[in-house]
Amino acid sequence: MSDHKLDGKLFYERINTFYNFWKKDATLKSTASVLILNGNQEVTYSKTLSLQIWLFGYELPESALLFTKDHLYFLSSKKKCDFLRSVQGEKENVRVELLERDKSDKDRANFARLLELMKSAGDACGFVAKDKPTGDFAGGLMAAVKGSRIELRDVAPSLSLLLAVKDEAELQLLRKSGEVARKLFADYLRKAIIDIVADEKKVKHSKISADLEAALKKPKYTAGLDADYLDICYPPIIQSGGQFKLKYSIESNSTALHQGVVLSMIGVRYKCYCTNIIRTLMIQPAKAVTEAYNVAAELLQMATNELRDGVTFGHIYQLVEKEAGKHPGMAEKMLKNLGFVTGIEFRDSSLTLVAKSSVVAKRGMVVNLNIGFENLANPEAKSSQADKTFAIFLADTVLVNGEGEPATVLTPAKLKASANTIAIKEPEPARARKTKPKSQSRSYSVGAIDELFKFRGETSEEKRAEKQAELFNKMLDDAKARLQGLSTEGDTKKATKSTVSYKGPGQMPKEADIQSLRLYTDKKYESVILPIFGQAVPFHISNIKNVSPPTVVGEYTYLRINFSHPGAPVSKEVFQDPGADRLKEVTFRARNERRPGEPGAPSNNLHTAYRVIKELQKKFRTREVEEKEMEDLVVQDSLQMFPKGRPVPKLKDLYIRPNIVSKRITGSLEAHINGFKFTSIRGDEVDILYNNIKHAIFQPSEGEMIILIHLHLKNPIMFAKKKHLDVQFYTEVGEISTDLGRLHNLNDRDELEMEAREKEMRKRLTEAFRSFIKRVEEVSKNSVEFDQPFRDLGFYGVPSRSTVFLQPTSGCLVEFVHFERVSLSIKNFDMVFVPKDYHKKPLSISSIPATSLDEIKNWLTTSCDIPYTEGIQTLNWAKVMKTVLEDPEGFFDQGGWSFLRPDNGEEEDSEEDGDEDEEYSPSEDDSEESEESEEGEESEDWDAEEEGSSSEELGSSEESGKDWDELEEEAQRHDREREREDIVQDHHRHRSSAKPAPSRPKKRHRSPSSSPEKKSKKSKKAKKSKKSK
């Protein structure tokens, strides 16, 4: 238990809930104590385990809990007592006492003390009669209790009601569990069945079930959750072929999947909290099958709408049964149990939706609603026995809301019959020309894929466009409602600082330079006093744009001061009074010569004024930047650290990004009560509170050179004299650089040992980070939940300066996405993210390979429900957003973002073009001739372009018709002739000189026709001529 920590705050909240429920429940009120005994039996679900997990977060085997009116006694081993040591003592009217087991006397003394406490509390003691704890410890204590003549009363139904109503922390876990269950069915199982049907494979039910269970560990289907916390409630059940049992206790058999009615039952546990989803898939269904499915779907939807706070379970059953009776023969075939309350325990047998149930639904209950019809007859079935009998089974996990509100579905997979129907397209009859039977069979499978699943359209262009239209219209409505009144609210500006130097003449300094009408700089009030027409006129430093360096011309020095004025590229906030007269510039002149009686040359005043003004401007602008950095900072709460001596979740030797100093330095990251603390080796500290974290992302080391934790904050924080909205903590898991000069051998022992060490280090670091993340989620009470990128959906792009591998996550969403430069002739495209806050600059990712476009569209449509648009041109988004913010209401009244959609205003043109295209349909021979003619025209244009470019480069007109071999032979012939000429010249030079000259190396001269540039052009032309031939 050393790796697990008890959440003390959550423990006290739930222990108080337990005692408050004790005072209200009739059965519990009749008992003076409650004994919860856990042995060493291996069971998945029980009331004892559920209560322990609810209180402590973990199962504690071989332990005993004794509740009295004001005490909680815990008897177990030393390690388990240490786990509860943090809550030992009295707090909130409950005292927790820990009793350690004594194996020397087989716990006789501890048993005797517990019996004494039970007798002193009262005569009756509550216990869970259904649970049968095993083992020496549990058996010995139960035997002692029964031998003491203490009255035992079963409180299991009362504990069921206690655990049925979930708090917010439990509901968060159930929502995540439901999302995983939905993804397993929608994104994996139904697509797997599509492939089986399309390829006409023979796959056993048990194989499909095993593959489905294995998919639970794949990040693609875990909704970004840690797979270590995920498990199945029961082995997935797949049934088909006319043999159906609508029970959760059966197993998938080894019969091959039959193309008819397929039942799929999936239960998922996340951190011990269960959700369930059941769907019926229909392959080429008959009319009776579709009608029965529609009845079941309507009844499930009605039960979901009627399940509200204050309604009894029996009333829900009677409504469903009455509605089913309107359809002949359906009420008799319907299951007599419409569901049960679920949670830590998958199925609570005392809280079921049956006809005589008097259980009242309460807000916070989570119910597994199911509608089932079995032994239904299919009159359209032909000879196959498997199609004559079928069943329909549908189920969702729903959350009971407040009074008057229908229940919320936690497993929102599509329920309509059209969404769960596989319609197979029959193969077309063979044409007049001969075709092989094998090719006809293959076209059947492809045709099946084209016409499969109405929901298969999620990845097809038509269905995707239909859903995108819905998402786009919804986005426009939401944006218009959100931006109502933005134009008037945007007119309210922040209060600008006054640029007045002095409030009154009394604040003017009395310096001699001012009296002598010289330039003077007042550092206290950040002003410059200039002599103008014999008067000392002050100017605030913010009004001065720049100062030119003093210029010496002859006997005088000139100093020019430029002021901010209307028309200059400065902030409008400077001009508080638009009607005032303003200076553009002023120039001062002073003598360089010092006259008798003067302390110095007058030009010295100009040099001093220039230097002081520049210093004052630098100081003022630096302060302005700092104030601008600090203006939107939110005051954070102080970090609450764990007391000394208590173990703290910690990661060592991490780097922080952005860097605290110019060079990166390592440090340690700790998780405390309400936030993180990063401490560098220099002693620098960075505190990040949990309530300021908007997104937390964990990137494992798989396929990466670093492993990191990325935190995106709600409000920026200050460190390193800058504010930051994103902070990363990372460490390297491999060599970032490689020595290219070193020879690498795959069989080198050192290389193999280095690779083995790197793999071991990766594994060790990944385990350390995952353990740290788990403990952070426990400490923060799941207020910080780490998302994990989907590497399978990654793509390459350029978000800033270089190409990187981008991996999407499930939590970071925007208003909509626009694709730019989308064209069949361009290999790359750009993607622009438009945030919901239109004051923020849209983010752009450029140079994305065109092969990733469909995957990104599918991900945005099916997984994120984010609308997207696309176009060929690149937009100036700064001007676009400026136009939107100037008049948001008018922008959306004119259609909003509809101008980005490719079908906007082009429908008529496309229809006309389509009519023109339909008028003429060339035959195969015509198409071949047109291709040859086009190819010939291309070659003619190419030759004409080559000939017209430069007559010198192309040479004679005769060479334009030579092919590559002829040109190569001509070049070699010219080379041989040139070599012979060089030999003859060297021979004559040798005979004519008295002293032999050193022989120079022979050079290979190319003829003008065989220069590299010309040869390349000729080779292109030769290849082109071959292609045209």
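- Going by the annotation in an unreviewed UniProt entry, the name recorded for the protein chain is FACT complex subunit, with Macrostomum lignano given as the source organism.
- Quoted verbatim from the Subunit (unreviewed entry) heading of the UniProt record, the comment on the protein chain is "Component of the FACT complex."

Some points on the overall build of the protein chain
Logical step 1: When you go through the protein chain residue by residue, the secondary structure sums to 25 helices and 37 strands.
Logical step 2: Within the protein chain, the fraction of its 1029 residues that count as buried is 44%.
Logical step 3: Excluding contacts between residues fewer than 6 apart, the proportion of contacts in the protein chain whose partners are at least 24 apart in sequence is 65%.
Logical step 4: Carbon and sulfur atoms form 49% of the exposed surface of the protein chain, whose accessible area is close to 57,700 Å².

What about the packing of aromatic side chains?
Logical step 1: Applying the stated criterion across every chain yields a total of 35 aromatic pairs.
Logical step 2: Taking 6.2 Å as the distance between ring centres and 70° as the angle between the ring planes, the aromatic pair formed by Phe56 and Phe74 counts as edge-to-face. Of this pair, Phe56 sits in helix H3 (residues 47–56) while Phe74 sits in strand S3 (residues 71–76); the two residues are 18 residues apart in sequence, bridging distant segments of the chain. This pair shows no difference in class: Phe56 is buried, exactly as Phe74 is.
Logical step 3: With 5.0 Å between their ring centres and 45° between their planes, Phe539 and Phe563 make a pair best called tilted. Remark: Phe563 occurs in strand S22 (residues 556–563) and Phe539 occurs in strand S19 (residues 535–540); sequence separation between them is 24 residues.
Logical step 4: On the basis of relative accessibility, which here comes to 14%, the residue Phe539 falls in the buried class.

Observations concerning the pairing of strand S7 (residues 151–154)
Logical step 1: Two strands pair when backbone bridges link them, and strand S6 (residues 124–127) and S7 are joined in this way by 4 bridges, in the parallel orientation. Across the sheet, Cys125 pairs through a bridge with Leu152, a residue of S7.
Logical step 2: Read as a crossover between parallel neighbours, the route from S6 over helix H6 (residues 136–147) to S7 is right-handed.

Details of the confidence of the model for the protein chain
Logical step 1: Looking at the protein chain as a whole, the pLDDT averages 80, with 80% of positions reaching at least 70.
Logical step 2: For the protein chain, the element scoring lowest by mean pLDDT is helix H12 (residues 437–451), at 35; strand S12 (residues 339–341) scores highest, at 96.
Logical step 3: Note on residues 905–960: pLDDT is under 50 here. Beyond four places in sequence and across chains, it has 24 contacts.
Logical step 4: This stretch, residues 990–1029, has a pLDDT under 50; its non-local contacts, to residues over four places away or in other chains, come to 46 contacts.

Quick word on the sheet that holds S19
Logical step 1: Overall, antiparallel pairing links the 3 strands, which are arranged S17-S18-S19 in an open sheet. In this open sheet, the two strands that pair with only one neighbour each are strand S17 (520–522) and S19. Neighbour-to-neighbour, the strand axes of the sheet open up by a mean angle of 30°, direction not taken into account.
Logical step 2: With 6 bridges joining them, strand S18 (residues 527–532) and S19 adopt antiparallel strand pairing. Along S19, the bridge assignment pairs Ile532 with Gln535.

Thoughts on the side chain of Asn110
Logical step 1: Mapping Asn110 onto the fold places it in helix H5 (residues 108–121).
Logical step 2: Accessibility expressed as a relative area gives 13% for Asn110, which makes it buried.
Logical step 3: Side chain to side chain, Asn110 and Asp107 meet in a polar contact 3.2 Å long.
Logical step 4: Ignoring any residue separated from it by four or fewer positions in sequence, one finds Asn110 in contact with Leu75, Glu100, Arg101 and Asp102.

Quick look at the nonpolar core
Logical step 1: Among the nonpolar cores identified, the biggest contains 73 residues, and Trp54, Phe56, Phe67, Leu184 and Leu189 are the most heavily contacted of them.
Logical step 2: Broken down by element, this core gets its largest block of residues, 12 residues, from helix H8 (residues 168–198).
Logical step 3: A domain split of this core shows at least three residues from each of domain 1 (8–164) and domain 2 (168–422).
Logical step 4: In this structure, Leu184 is in contact with Leu189, Leu212, Ala215, Leu216, Tyr221, Ile266 and Val268, ignoring residues within four places of it in sequence.
Logical step 5: Core analysis: the next-biggest nonpolar cluster, separate from the first, contains 60 residues, Met282, Tyr293, Ala331 and Leu338 among them.

Details of empty space enclosed by the protein
Summary: where empty space remains is shown by rolling a probe the size of a single water molecule over the atoms.
Logical step 1: Enumeration over the complete set of coordinates arrives at 7 cavities of 30 Å³ or more.
Logical step 2: In this model, the largest cavity occupies a volume close to 130 Å³.
Logical step 3: Surrounding the largest cavity, 15 residues form its lining, Leu163, Gly343, Ile344, Glu345 and Asp348 being those nearest its centre.
Logical step 4: Counting only elements with at least two residues in the lining of the largest cavity, the list comes to H3 and helix H7 (156–164).

Concerning a positive patch on the surface
Logical step 1: Where like charges cluster on the molecular surface, the positive patch consists of Lys694, Lys714, Lys836 and Lys840.
Logical step 2: Here Lys714 shows up in strand S29 (residues 706–719).

Let's talk about the state of the cysteines
Logical step 1: Applying the stated criterion across every chain yields a total of 0 disulfides.
Logical step 2: For the unlinked cysteine Cys233, the closest cysteine sulfur is that of Cys274, found at 3.6 Å.
Logical step 3: By relative accessible area, Cys233 is classed as buried at 9%.

Some words on unusual backbone geometry
Logical step 1: Between Arg657 and the following residue, Pro658, the backbone shows a cis peptide bond with an omega angle of 5°.
Logical step 2: Its place among the elements puts Pro658 in the loop between strand S24 (650–657) and strand S25 (666–671).
Logical step 3: Its identity is not glycine, yet Asp107 carries a phi of approximately 65°, on the positive side.
Logical step 4: As for its position among the elements, Asp107 is in the loop between strand S5 (94–100) and H5.
Logical step 5: Residue classification places Asp107 among the buried positions, given a relative accessible area of 2%.
Logical step 6: Phi is positive for Asn375, close to 60°, though the residue is something other than glycine.
Logical step 7: Along the chain, Asn375 turns up in strand S13 (residues 366–377).

Considering the sheet that holds strand S4 (residues 89–91)
Logical step 1: Reading across from one edge, S4-S5-S3-S2-S1-S6-S7 is the order of the 7 strands in this open sheet, with mixed pairing throughout. Single-partner strands in this sheet number two, and they are S4 and S7. Neighbour to neighbour, the strand axes of the sheet diverge by 25° on average, direction disregarded.
Logical step 2: Bridging between strand S2 (residues 63–67) and S3 involves 4 bridges; their strand directions are antiparallel. Note on S3: the bridge partner recorded for Leu66 is Tyr73.
Logical step 3: H3 contacts strand S1 (33–38) and S2 of the sheet and is inclined by roughly 100° relative to S1.

Rules and cut-offs
Residues numbered from 1 in each chain as written. Predicted model: local features only at pLDDT ≥ 70, side-chain atom pairs only at ≥ 80, totals over all residues. Heavy atoms only, no water. UniProt positions renumbered as here; feature names shortened; annotations may be inferred. Helix = DSSP H or I, 4+ residues; strand = E, 2+ residues; numbered from the N terminus. Buried < 20%, exposed > 50% of the residue type's maximum accessible area, 1.4 Å probe, protein only. Contact = heavy atoms within 4.5 Å. Areas by Shrake-Rupley, 256 points an atom, 1.4 Å probe, with all protein chains shown as cover. Phe/Tyr/Trp six-rings, centres within 6.5 Å; stacked < 30°, edge-to-face > 60°. Pairing = 2+ DSSP bridges. Right-handed = clockwise from strand over helix to strand, strands pointing away. pLDDT = per-residue confidence, 0-100. Axes fitted to C-alpha atoms, helices over the stretch in contact; angles between N-to-C directions. Polar contact = N/O pair within 3.5 Å; in protein donor to acceptor, adjacent residues only side chain to side chain. Core = buried A, V, L, I, M, F, W, Y, C linked by side-chain atoms within 4.5 Å. Domains from an automatic or database assignment. 1 Å grid on protein atoms, 1.4 Å probe; cavity = no way out; pocket = protein on both sides within 12 Å on 5 of 7 lines; lining within 4 Å. Points joined across faces, edges and corners; volume = space filled by probe spheres on them. Patch = residues over 30% accessible without salt bridge, like charges linked within 9 Å, V, L, I, M, F, W, Y side chains within 5 Å. Salt bridge = Lys/Arg side-chain N within 4 Å of Asp/Glu carboxyl O. Lys, Arg positive; Asp, Glu negative; His and termini not counted. Charge placed at Lys NZ, Arg CZ, Asp CG, Glu CD. Disulfide = S-S within 2.5 Å.

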